[in-house]
Amino acid sequence: MESGTLDELRIFFFPFMAQGHIIPTIDMAMVFASRGSKATIITTPFHAPLFSKTIQKTNFSGTHINILTFKFPSVENGLPEGCESLHMANSPELQPKFFKAITTLGPQLDQLLEQHRPDCLVADTFFPWATDIAARYEIPRLIFHGTCYFSLCASLCVFRYKPYKSVFSETEPFIIPNLPGEIKFTRNQLPDFVKNDEETEFTEVYKAAKEVESRSYGVLVNSFYELEPVYADHYSKGLGFKAWHIGPLFLYKKVFEEKAKREMEESSLDEHECLKWLSSKKRNSVVYICFGSLTDFIDAQLMEIAAGLEASGKEFIWVVKKGKNEGVKEEWLPEGYEKRMEGKGLIVRGWAPQVQILDHEAVGGFVTHCGWNSTMEGICAGVPVVAWPVSAEQFYNEKLVTQILGIGVCVGNQKWARLVGDFVKRETIAKAVNQIMEGEEAEKMRSKVKALGDMARRAIEEGGSSYLDFNAFIEELKLRRMERNSS
Ligand code: UDP
């Protein structure tokens, strides 16, 4: 067992293997390391280099952040060799196997905890069994959901009170009980694993995750108090959870990266082509479209998005999770589209530097699937959004940004789907894009979201709400350790 200095807490992070969970976990580990704790991330061999690369960009050394790997049982669970990340299992056949595989990781976690005995384990919500394993070694287990207070409250109230059982159709609205704000929802917007009684691999994980919440030490939330004070209070005082708001986590990384860049003689970071492209554009003139790391629309929907963007008349950057094979016709793109759009619209295939794009002053709007990381990144960049939720808790996040915060409009799709949402027509897309890009309403949304972005930056500065809650958390852990050591 390693031992830290009296002041140095040793925190273990165990993220779920998907970009939307991994990105904020790296950010979180860096925040802990920057405030004097020793952070260790437990992950698979596939993800380890990705962690190292991100950490390197910030000049954090291995003395602050350590990485431990474990074996991911892909083949044992019918997955292809090396399939260690959810985006590699992005099909109806592979996803259940992936969720089955994660239920078998307990013994490896047990071994690592027994060997290292950290002061605390921050484990993803998808690892409900981590609470009991940590308890064997008297290690407090914190849950990281990677979403906001609003969605935490809403999903819990839906889980507890099952209001979807009292409606007669998929489209009849119900009000979520015990949730401030009279929030209406429909069965259509809920995942099958919540509203149907059938048991799947994922239902089991989801139920266990909800059940273990009240038995865990607490919850770390990647949000800031000023964004959703009613729901932050409701989560703790109304629903009884111990939680600390320590976000927006990616903003810390930005600060670290900027500092590291200044410290380097020359920038070693190549500028992505799309950032150069943006530099020739007017302020707030470009709309950015990206649906996160997992959404995989069918070709017909991509075609419709292409047509909708063209019809909107707005300049755009559109990220599509497709590769390019020279000479092979792309079925998802209208004939001659890119040529026609030259100078007006840019398609990025694969991965785009989203945070940098959103932060560019030329970007004035964001069409998003409402993944929580993307939502926070949009808010901090001060851009209004078109909400186009697809799966996970994205329909709740949509309510927060449109109905509660008033910083976006809904594209209007109604149906939750694990991978691909319901079909949205080109006219609807064009109309929604224009709603956030021009006119009085767009300006109102823009000024609201800019004010929230300023609050977010203040929250992580010394004395800000997230900064202080982070300190409160660390102090509590230190006190706990002292009491244990003296007993
Ligand atoms: N992201 C990115 N480039 C891309 C797609 C996604 O940098 O081309 C990042 C995005 O900035 C965010 C994360 O991936 O930090 C996606 O997380 P989110 O919670 O929004 O959605 P998920 O992928 O989990 O559905």
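Per chain, the residues get numbers from 1 upward, laid out in the order the sequence is written. Local features are withheld for residues below a pLDDT of 70 in this predicted model, meaning they are given only at 70 or higher, and side-chain atom pairs are given and counted only at 80 or more; totals for whole chains, interfaces and linings count all residues.

**So, the overall build of the chain**
Okay, step 1: Counting from the N terminus, the helices are the DSSP runs of H or I reaching at least four residues and the strands are the DSSP runs of E reaching at least two. Looking only at helices and strands, one finds 19 helices and 15 strands in the chain.
Okay, step 2: Here the C-alpha atoms of the chain give a radius of gyration of 22 Å, agreeing with the 23 Å that 2.2 N^0.38 yields for 487 residues.
Okay, step 3: Labels follow a simple rule on C-beta atoms placed from the backbone: if 20 or more others lie within 10 Å of a residue's own, it is buried; if 12 or fewer, it is exposed; otherwise it is partly exposed. Taken across its 487 residues, the chain has 45% of its residues classed as buried. Both definitions apply: the radius of gyration is a C-alpha atom measure, and the globule rule equals 2.2 Å times residues to the power 0.38.

**Some details on the sheet that holds strand β3 (residues 65-69)**
Okay, step 1: Two strands qualify as a pair provided DSSP detects at least 2 bridges between them. The sheet built from 7 strands is open, its strands ordered β3-β2-β1-β4-β5-β8-β9 with parallel pairing. Edge positions in the open sheet fall to β3 and β9 (243-245), since each of these has one partner strand only. Within the sheet, the average angular offset between the axes of one strand and its neighbour, ignoring direction, is 25°.
Okay, step 2: Contacts are defined on C-beta atoms placed from the backbone: any two residues whose C-beta positions lie within 7 Å are in contact. Helix axes are fitted only over the stretch in contact, all axes being lines through C-alpha atoms; the angle between N-to-C directions runs from 0 to 180 degrees. Sitting on the sheet, helix α19 (residues 465-486) is in contact with β4 (120-124) and β9, with an inclination near 140° to β9.

**Overview of the domain arrangement of the chain**
Okay, step 1: Domains assigned within the chain are domain 1 (10-256 + 459-486) and domain 2 (271-455).
Okay, step 2: What fixes the domain bounds is an automatic or database domain assignment. In this structure, domain 1 and domain 2 have C-alpha centres spaced 26 Å apart.
Okay, step 3: The interface is formed by 34 residues belonging to domain 1 together with 25 residues belonging to domain 2.
Okay, step 4: Listed by contribution, the elements that provide at least two residues to the side of domain 1 that touches domain 2 are α1 (19-34), α6 (149-161) and α10 (249-263).
Okay, step 5: When residues are grouped by polarity, Ala, Val, Leu, Ile, Met, Phe, Trp, Tyr, Cys and Pro land in nonpolar, Asp, Glu, Lys and Arg in charged, and all others, Gly among them, in polar. Residues of the side of domain 1 that touches domain 2, tallied by class, amount to 16 nonpolar, 15 polar and 3 charged.

**Focus: the sheet that holds strand β10 (residues 286-290)**
Okay, step 1: In space, the 6 strands of this open sheet follow the order β12-β11-β10-β13-β14-β15, with parallel pairing throughout. Looking at which strands have only one partner, the edges of the open sheet turn out to be β12 (345-349) and β15 (408-410). Between one strand and the next, the sheet's axes are offset by a mean angle of 15°, whatever the strand orientation.
Okay, step 2: Of the strands in this sheet, β14 (385-387) and β15 are in contact with helix α16 (residues 394-404), which crosses β15 at around 125°.
Okay, step 3: Set on the sheet, helix α17 (residues 426-437) makes contact with β10, β13 (363-368), β14 and β15; between it and β13 the angle comes to about 140°.

**Examining α19**
Okay, step 1: The first and last C-alpha atoms of α19 sit 32 Å apart over 22 residues, in line with the 32 Å expected at 1.5 Å per residue.
Okay, step 2: For α19, the set of buried residues is Ser465, Ser466, Asp469, Phe470, Phe473 and Ile474.
Okay, step 3: Buried residues along α19 sit in contact with α1, β9 and α18 (440-460). A helix's residues, less one, multiplied by 1.5 Å, set its expected span.

**What about the site of the ligand?**
Okay, step 1: Around the ligand sit 17 residues, and of these Gly20, Gly292, Ser293, Gly371 and Ser374 come closest.
Okay, step 2: When residues of the shell around the ligand are assigned to their parent elements, the largest contribution, 4 residues, is made by helix α15 (residues 372-381).
Okay, step 3: Among the residues making up the shell around the ligand, the classes are represented as 8 nonpolar, 8 polar and 1 charged. Each residue gets a C-beta atom placed from its backbone. If that atom is within 6 Å of a molecule or strand, the residue is near it.

**What to know about α16**
Okay, step 1: By the criterion of burial, α16 is predominantly enclosed, with 8 of the 11 residues buried.
Okay, step 2: For α16, the complete set of buried residues consists of Gln394, Phe395, Tyr396, Asn397, Glu398, Lys399, Leu400 and Val401.
Okay, step 3: Tucked inside the fold, the buried residues of α16 contact α6, α15, β14 and β15.
Okay, step 4: Positive phi appears at glycine 406, one or two residues downstream of α16, with a value of about 65°.

**Some words on the nonpolar core**
Okay, step 1: We define a nonpolar core as a collection of buried residues of the types Ala, Val, Leu, Ile, Met, Phe, Trp, Tyr and Cys that are connected via C-beta atoms lying within 7 Å of each other. Within the largest apolar cluster, 143 residues are counted, with the highest numbers of intra-cluster contacts made by Phe13, Ala29, Leu121, Tyr288 and Val386.
Okay, step 2: The residue makeup of this core includes at least three contributed by each of domain 1 (10-256 + 459-486) and domain 2 (271-455).
Okay, step 3: Sequence-distant contacts of valine 386, defined by excluding residues within four places in its chain, comprise Val367, Gly408, Val409, Val411, Ala432, Val433 and Ile436.

**A few points about unusual backbone geometry**
Okay, step 1: Between glycine 247 and the following residue, proline 248, the backbone shows a cis peptide bond with an omega angle of -5°.
Okay, step 2: With respect to the secondary-structure elements, proline 248 resides in the loop between β9 and α10.
Okay, step 3: Unusually for a residue other than glycine, lysine 162 sits at a positive phi of about 45°.
Okay, step 4: One can find lysine 162 in the loop between α6 and β6 (174-175).
Okay, step 5: Looking at lysine 162, the number of C-beta atoms within 10 Å reads 13, which means it is partly exposed.
Okay, step 6: Unlike most non-glycine residues, glutamate 182 shows phi in positive territory, near 45°.
Okay, step 7: Summarising the element assignment, glutamate 182 is placed in the loop between β6 and β7 (184-185).
Okay, step 8: For glutamate 182, a count of 8 C-beta atoms within 10 Å translates into the label exposed.

**Comments concerning the packing of α6 against helix α9 (residues 229-238)**
The packing of two helices is summarised by the inter-axis angle and the distance between the axes.
Okay, step 1: Relative to each other, α6 and α9 sit at 50°, their axes nearing to 8 Å. Regarding the angle of α6 to α9, the classification is oblique. Crossing of α6 against α9: the hand is left-handed. In this structure, α6 contributes Tyr149, Phe150, Leu152 and Cys153 to the contact, and α9 contributes Tyr231, Ala232, His234 and Tyr235.
Okay, step 2: Classifying every residue of the contact of α6 with α9 by side-chain character gives 7 nonpolar, 1 polar and no charged. Throughout, the term roughly parallel applies to angles under 35 degrees, roughly antiparallel to angles over 145, roughly perpendicular to angles from 65 to 115, and oblique to all others. Put simply, a crossing is left-handed when the front helix is turned counterclockwise from the back one by less than a right angle, and right-handed when it is turned clockwise.

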